[in-house]
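Inside the fold
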Amino acid sequence: MLDFIRQQGAASRKDIADMVSLSPQTVANITNELEEFGLIVSRRQKVDKSRGQPPIAFELNPQAGHSIGISLEPGRASAALVNLVGEIQHRCEVDIDTGDRQQMLATLLQLIARLRRESTDRLWGIGVSLPGPLGHTEISFVGPTALEGLSDLSVLEELGEATGLPLFHRIDSVAGALGETLFGVARHLDDFFYLHLGMGLGGALVTGRSAYPGANGNATEIGHVPIVPGGRACYCGNRGCLERYVSMHSLAEALGVTDHDVWMLDIGERLKHPDDEALHAWCREAADRLRDAVAMIENMLDPRSIVIGGSAPKVLVEHLVALAQPWHRSVRGGVADPATRLLLSDRQDDSSLLGAAVLPIYEMLSPRLEVLQQDRRGTLDAAELLGNKPMSRR
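To keep things clear, this report deals only with the structure shown in the data block.

Thresholds, definitions, all that
- Residues numbered from 1 in each chain as written.
- Predicted model: local features only at pLDDT ≥ 70, side-chain atom pairs only at ≥ 80, totals over all residues.
- Heavy atoms only, no water.
- Pairing = 2+ DSSP bridges.
- Helix = DSSP H or I, 4+ residues; strand = E, 2+ residues; numbered from the N terminus.
- Axes fitted to C-alpha atoms, helices over the stretch in contact; angles between N-to-C directions.
- Contact = heavy atoms within 4.5 Å.
- Buried < 20%, exposed > 50% of the residue type's maximum accessible area, 1.4 Å probe, protein only.
- Polar contact = N/O pair within 3.5 Å; in protein donor to acceptor, adjacent residues only side chain to side chain.
- Phe/Tyr/Trp six-rings, centres within 6.5 Å; stacked < 30°, edge-to-face > 60°.
- Lys NZ or Arg CZ within 6 Å of the ring centre and 35° of its normal.
- Core = buried A, V, L, I, M, F, W, Y, C linked by side-chain atoms within 4.5 Å.

The strands that make up a sheet pair up through hydrogen bonds in the backbone, lying either parallel or antiparallel. Reading across from one edge, β6-β5-β4-β7-β8 is the order of the five strands in this open sheet, with mixed pairing throughout. Pairing within the sheet leaves two strands with one partner each, and these edge strands are β6 (88-95) and β8 (167-171). Geometrically, the sheet is characterised by an average inter-axis angle of 15° between neighbouring strands, direction not taken into account. The pairing of strand β4 (residues 66-73) with strand β7 (residues 123-130) spans five bridges and is classified as parallel. For Ile-70, the partnering residue across the bridge sits in β7 and is Val-128. Each of β4, β5 (76-83), β6 and β7 touches helix α4 (residues 101-116); the most contacted strand, β6, lies at about 155° to it. Across the sheet, helix α5 (residues 154-163) touches β7 and β8, and the angle it forms with β8 is around 155°.

Okay, structure coming up:
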């Protein structure tokens, strides 16, 4: 119900009952409770003159609380305080040595403390996005685009214990996809593929508004798909991986700057100068590889849309997409709507950060099949939906 209200912006009880197949009485009971909790607010709709009172519409309450999002990339951490409707209230960014466990923990605690001081409302929790793959795979925590030096994520457990807040973490591409699902260009899409362009390159397949995890949570690690036979050596041990051509790290290599300094560059200004050969040569090659990646994604998965987000500058992504035209022929050619075949995040520079911040909110806003099943048994209250008391086991 919360997810439907979020998608519509405002919804009446009749709208809700029609769309989520709940009885009018159940809808009334739950909306009353959600309003008491402060999660939604009711407003009289403006309608043409008619008899009786105008119907009431419900909206998410921006003052219903905040979550803290942290986006971890090699060498830097961004953090933000985000409200229930996905608005960033405060943000900060620091350099961080992600290879030093204790220094990393201390820095993250400082960021969280700074943001907590900015919030007088309820804090739903902390979300952390970080580059994959995760777990004990042979390419986890390897190379400059991963959190090299870490062997596990127990530091995040310590972070949750130290703050006393619920903590959720996801691979950055999955977090970004969920952010787009809740508050971005994919909010009206049930199925799409998400490309996360940051220091590295990741992907997430979203089906039924949920990210497909794979056997161990590392599905669609597209950055380490070998795409150029005999190409550049990759830190994962293979050659010609896509990430070696399309990533901010590969751009830093091409321009002869550090991974830290590549974020300081005014890419938009440099793109205006045709004599900046190093940048334009990288863009041409990256666009060729992006064209290959789009064809691979479309032919393998046939997604309704491909959404590109991440921390890379939007002006750079727009330039690569323009250079990549026309796309290779694929199963989407001729049937896909050109306006939605490929979408760029409207939160481009913030998408990974917003994706992290929405993780605690997503736990609350995500539709749950078991909730609907419980309602068909005739009993359900909003406290169960919000996790304030345990749901009965099926």
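Right, picking up where we left off after that structure.
Another point: helix α7 (residues 248-255). Two residues of an α-helix separated by three or four positions point the same way, owing to the 3.6 residues in each turn. By the criterion of burial, α7 is predominantly enclosed, with six of the eight residues buried. Note on α7: the residue one or two positions beyond its end, Gly-256, has a positive phi of about 70°.

Before going further, it helps to spend a moment on the side chain of Thr-145. By secondary structure assignment, the location of Thr-145 is in the loop between β7 and α5. Of note is the side chain of Thr-145, whose polar atom sits 2.6 Å from the side chain of Glu-243. Setting aside residues up to four positions removed in sequence, Thr-145 forms contacts with Pro-74, Pro-131, Met-199, Gly-200, Tyr-235, Glu-243 and His-249.

On to the pairing of β4. β4 sits mainly inside the fold: eight of its eight residues count as buried. Of the two faces of β4, both are covered, the one formed by His-66, Ile-68, Ile-70 and Leu-72 as well as the one formed by Ser-67, Gly-69, Ser-71 and Glu-73. Across eight bridges, β4 lies against β5 in antiparallel orientation. Of the residues in β5, the one forming a bridge with Gly-69 is Ala-80. A loop of two residues connects β4 with β5, the two strands running antiparallel in sequence, and Gly-75 in this loop sits at a positive phi of about 90°.

The way to describe two aromatic rings as a pair is by their centre distance and the angle between their planes. Applying the stated rule across the entire model yields zero aromatic pairs. The ring of Trp-263 is capped by Arg-76, whose NZ or CZ atom sits 3.7 Å from the centre of that ring. Looking at Arg-122, its charged tip hangs above the ring of Trp-124, at a distance of 3.9 Å from the centre.

A few words now on the sheet that holds strand β10 (residues 201-207). Ordered by their spatial adjacency, five strands build an open sheet running β11-β10-β9-β12-β13, and the pairing between neighbours is mixed. Each edge of the sheet is formed by a strand with only one pairing partner; in this case those strands are β11 (210-211) and β13 (342-344). Bridge count for strand β9 (residues 192-197) against β10 is six bridges, and the pairing is antiparallel. Within β10, the residue paired with Leu-197 across the bridge is Leu-201. Sheet contacts for helix α6 (residues 172-183): β9, β10, β11 and β12 (306-309); angle to β9, the most-contacted strand, approximately 125°. Set on the sheet, helix α11 (residues 314-324) makes contact with β9, β12 and β13; between it and β13 the angle comes to about 160°.

Ile-68, Ile-70, Leu-72, Leu-108 and Phe-192 are the most contacted members of the largest nonpolar core, which totals 49 residues. The greatest single-element share of this core, amounting to six residues, is contributed by α4. Non-local contacts of Leu-72, meaning those with residues more than four positions away in its chain, are made with Ala-77, Ile-96, Met-104, Leu-108, Val-128, Ser-129, Leu-130, Pro-131 and Leu-147. The next biggest cluster of nonpolar side chains, apart from the first, holds 38 residues, and it includes Tyr-245, Ala-252, Leu-271 and Ala-286.

Following Gly-132, the chain continues to Pro-133 via a peptide bond in cis, the omega torsion being 0°. Within the secondary structure layout, Pro-133 lies in the loop between β7 and α5. Residues Gln-325 and Pro-326 are joined by a peptide bond in cis, for which omega reads -5°. Positive phi values are uncommon outside glycine, yet Phe-141 reaches one of about 55°. By the element assignment, Phe-141 lies in the loop between β7 and α5. Here Asp-302, not a glycine, exhibits a phi torsion of approximately 50°, which is positive. Checked against the element boundaries, Asp-302 lands in the loop between α10 (277-301) and β12.

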